Each structure stands twice: as structure tokens, then as C-alpha cells.
Amino acid sequence: MQTQLFLITFVVLASFLVHPRLCSPTCTFPTIFNFGDSNSDTGGLSAAFGQAPYPNGQTFFHSPSGRFSDGRLIVDFIAEELGLPYLNAFLDSIGSNFSHGANFATAGSTVRPPNTTISQSGASPISLDVQLVQFSDFVTRSQLIRSRGGVFEHLLPRKEYFSQALYTFDIGQNDLTTGLKLNMTTDQIKAYIPDVLDQLSNAIRKVYKSGGRRFWIHNTGPIGCLPYVLDRWSVPASQIDKHGCAIPRNEIARYYNSELKRRVVALRKELSKASITYVDVYSIKLTLITQAKKLGFKDPLVACCGHGGKYNFNKLIKCGVKYMVKGKETVLAKSCKDVASRVNWDGVHFTETANRWIFQQINSGVFSDPSIPLKFACTR
């Protein structure tokens, strides 16, 4: 038995070591350009509409940092792994350094332009098409301003960095929940997903046309396991799985992801000089939620920073927001004391501990297509 185990281990290790992509040197990424929503927003929405209040940022930054989490996001861990500083939001002009890239994501962003205001639906006006306009403007103006020399030379990226950059996309979740807000059925939401992915594909084409060659694309997570989805759009008990997640909501996410993967396969053939990695974040997050106890976490469907109810989530009492109670300004939704062992932060987003665990799985390459670690994402 021991001999068999040794042989199996040897074969697995040997096959890993001779993987053609992993025989090459790791890639060099001098910059990251990120497009996305609140899952990767490092301060865009806060710069435009006001800071995400404390206790957001309490664990790592020890103050509000523009992130909807107690600490770092997956995109922060990506930057760390590549030896780069954390990405500044493109919309944040105060103290920002864009020499290592820029983050165009804002919380509430969708792929398709919203037809409501942010006060009406919570959808950010900075949809993916706007993020692309900002990126295009950044490419041109950064070089014009950098040519002035002095401090500008140190705050903006070199021209060649745009072709060497890692372009990360983490967006689409809000396009799916938009249908839920409109009381659409699962089939009705599925019907508009092709249009969402047409626009996402066109965005990738535009970045490629501008010189981008290295793409890192996350699919969407199991929205049926998020406290705010479970609370706001409840389903009959018969449609709740053994882990407490809403089956039809996750069905929507799985359909979106299967169609996204098909688009990525097609884009690889079309954009022949591009390296495009598809990352199955859905499977990683679902594993974390459904096996939370085994992994050292607890209460995966309950928000850490929230107020009341089965899921500790109330759409009218958001994490850290102050309300007048008996004439006194009070924070009703405060952080839980055991945040380090919790999965969900505020009903929508993940805690830093969860984000770190998710990134570790992403970084291994096991959940990616092709199956390569982050540092090999320039290979084709």
C-alpha cells in the first residue's frame, strides 16, 4: 500500500513538474488594470459618493479604505502576490499613485448600463462601458502628463506597461440581481444573460485592441448563498438546498458561468495574441460556504456586520451607517466579534479571512482554465 501511494505521489508530482507552461519562467506584471464591481472596488464608489463607513476596513487598514469588507479583497491579494502596491481607484485623486496600475471598479457596477439612478436601485452609474471610457482616457492622458517629467514620471505607468499588464475582470453579479429586483423569473433572467456576455466580450476586445494581452477573468459566485439575496428574494423551503442556499438563484449563476466560459473559449481563438485565463470563483466560494466548518469558519450564511433577522441582514440598516435613535446618532449594524472566523462580512461581501482563503485557491491554478497559477498568466 505504501509503495502504491509513493508511486501515485511520484506520478502526480512528475506530471506537475513537466507541465509545459510551468517549465517557463514566471511572468512579469508591472501593472494591473481592474474592471469590476464591489467585489474588487478599492475606493471608486467611495470617491464618487462618500466613504464606505467604519467598521469597513477595521481589520487590516484600521479605518475606512473604500472597500466593502473588514479588510483586503481578492484584488489586493493578487497585487501582493505580484509584488505590487494595492491598486488605487481611478476615481480617487487624493494621494493616488497609478504607476503600478489603476482600478476602474465601483461597487454596484453592472456590465450593461443601468436605466435607474444609484439612489433608486443602488446600481452604480459607472458601468463597464464607462469604465472602458475611463481606461481609454487613462491610456492616452497618462502618457501626455507623464511626459512632463518630475513627479508625474513617478505617478503614472510607462507606455510599455500597458501591453505587459494583467487585466482583471470581476463583474456580472449585479446584472443577475438586477433581474431579481425586477421580480423576473429564472428563465427571464437567463434570457438576457447572452446580451450581458456580448457586452463583456466586447469590453475584452476593446482592451485587446488598445494593446492588452493578458486577461484574468473571474466568473460569478453562488449568489443563492448570499445573505442579502436570501433575505430580500426568499424562495419556498422546497427550493432551499441542504446547505441553506437558494437553488434557483444559484442556477442563474451557473448558467451565466457556463455561457461566460464558452465566450472565453471563443475569444481565445479570435484574439490570437492574448492569454486569457478563466477562473472558477463559483466553485471556490461554494466550497467555502458549504464546507465552512471543516475549513475553520462558521455561520457562512449570516452577515458579520448587519442588523437582525435570520441572516443578520437588513437592507435599510447597512453595515456602519449611522441612524438617529432617540435623538442620538447611533450605529445599529456593527461588526461581530469573531470576524476572523466568518465568511460573510455585510450580507453581500466577504471578510478578509474568506477573501484570503479564496485567493489561495485561485492562486493555485486548480480552479482555472487553463490550470495555471497567477504568476504564469501570460503564457498561452
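Residues numbered from 1 in each chain as written. Predicted model: local features only at pLDDT ≥ 70, side-chain atom pairs only at ≥ 80, totals over all residues. Heavy atoms only, no water.

With respect to the pattern of salt bridges
Working step 1: A full pass over the atoms with the stated rule returns 14 salt bridges.
Working step 2: Put simply, Glu352 and Arg72 hold a salt bridge, and the shortest N to O gap is 3.1 Å. Here Arg72 lies in the loop between helix H2 (44–49) and helix H3 (74–81) and Glu352 lies in helix H13 (residues 352–364), a separation of 280 residues in the sequence.
Working step 3: Given the relative accessible area of 10%, Arg72 is considered buried. (Salt bridge = Lys/Arg side-chain N within 4 Å of Asp/Glu carboxyl O. Helix = DSSP H or I, 4+ residues; strand = E, 2+ residues; numbered from the N terminus. Buried < 20%, exposed > 50% of the residue type's maximum accessible area, 1.4 Å probe, protein only.)

Things to note about empty space enclosed by the protein
Working step 1: Under the defined criterion, the tally for this structure stands at five cavities of 30 Å³ or more.
Working step 2: Empty space within the largest cavity amounts to approximately 70 Å³.
Working step 3: What lines the largest cavity is Ser38, Asn39, Phe68, Leu73, Ile74, Lys285, His349, Phe350 and Asn355.
Working step 4: For the lining of the largest cavity, a count of residues per class yields four nonpolar, four polar and one charged.
Working step 5: Space inside the second largest cavity adds up to approximately 50 Å³.
Working step 6: Lining the second largest cavity are Asn34, Asn39, Ser40, Ile74, Val75, Ile78, Thr168, Asp170 and His218.
Working step 7: Within the residue set of the lining of the second largest cavity, elements represented by two or more residues are H3 and strand S3 (166–170).
Working step 8: Tallied by class, the residues present in the lining of the second largest cavity amount to three nonpolar, five polar and one charged. (1 Å grid on protein atoms, 1.4 Å probe; cavity = no way out; pocket = protein on both sides within 12 Å on 5 of 7 lines; lining within 4 Å. Points joined across faces, edges and corners; volume = space filled by probe spheres on them. Nonpolar A, V, L, I, M, F, W, Y, C, P; charged D, E, K, R; others polar.)

Let's talk about the packing of helix H9 (residues 186–209) against helix H11 (residues 247–270)
Between two packed helices, what matters for the description is the angle formed by their axes and the separation of those axes.
Working step 1: Taken N-terminus to C-terminus, the directions of H9 and H11 make an angle of 30°; their axes are 10 Å apart at the nearest point. Taken together, H9 and H11 sit at an angle that is classed as roughly parallel. Considering the relative orientation of H9 and H11, their crossing is right-handed. Contacts from Thr186, Ile189, Lys190, Ile193, Pro194, Val196, Leu197, Asp198, Leu200, Ser201, Ile204 and Arg205 in H9 reach Pro248, Glu251, Ile252, Tyr255, Tyr256, Glu259, Leu260, Arg263, Leu267 and Glu270 in H11.
Working step 2: Partitioned by chemical class, the residues of the contact of H9 with H11 number 13 nonpolar, two polar and seven charged. (Axes fitted to C-alpha atoms, helices over the stretch in contact; angles between N-to-C directions. Parallel < 35°, antiparallel > 145°, perpendicular 65-115°, else oblique. Left-handed = near helix turned anticlockwise from the far one by under 90°. Contact = heavy atoms within 4.5 Å.)

Concerning the packing of aromatic side chains
One pair of aromatic rings is described through two measures. These are the centre distance and the angle between the planes.
Working step 1: Summed over all chains, the structure comprises 23 aromatic pairs.
Working step 2: Considering the side-chain rings of Phe35 and Phe169, the 4.9 Å spacing of their centres and the 20° angle between planes classify their relative orientation as stacked. Taken as a pair, Phe35 in strand S1 (residues 32–36) and Phe169 in strand S3 lie far apart in primary sequence, 134 residues in all.
Working step 3: The buried category is assigned to Phe169, whose relative accessible area is 1%.
Working step 4: Pairing Phe138 with Phe162 gives two aromatic rings, centres 6.2 Å apart and planes at 65°, and the pair type is edge-to-face. Of this pair, Phe138 sits in helix H5 (residues 128–146) while Phe162 is found in helix H7 (residues 161–164), placing the two residues 24 residues apart along the sequence. Exposure class is identical for Phe138 and Phe162. Each is buried.
Working step 5: One cation-aromatic arrangement involves Arg67 over Tyr86; the distance from NZ or CZ to the ring centre is 6.0 Å.
Working step 6: Sitting above the plane of the Phe152 ring, Arg148 keeps its charged end 5.6 Å from the centroid. (Phe/Tyr/Trp six-rings, centres within 6.5 Å; stacked < 30°, edge-to-face > 60°. Lys NZ or Arg CZ within 6 Å of the ring centre and 35° of its normal.)

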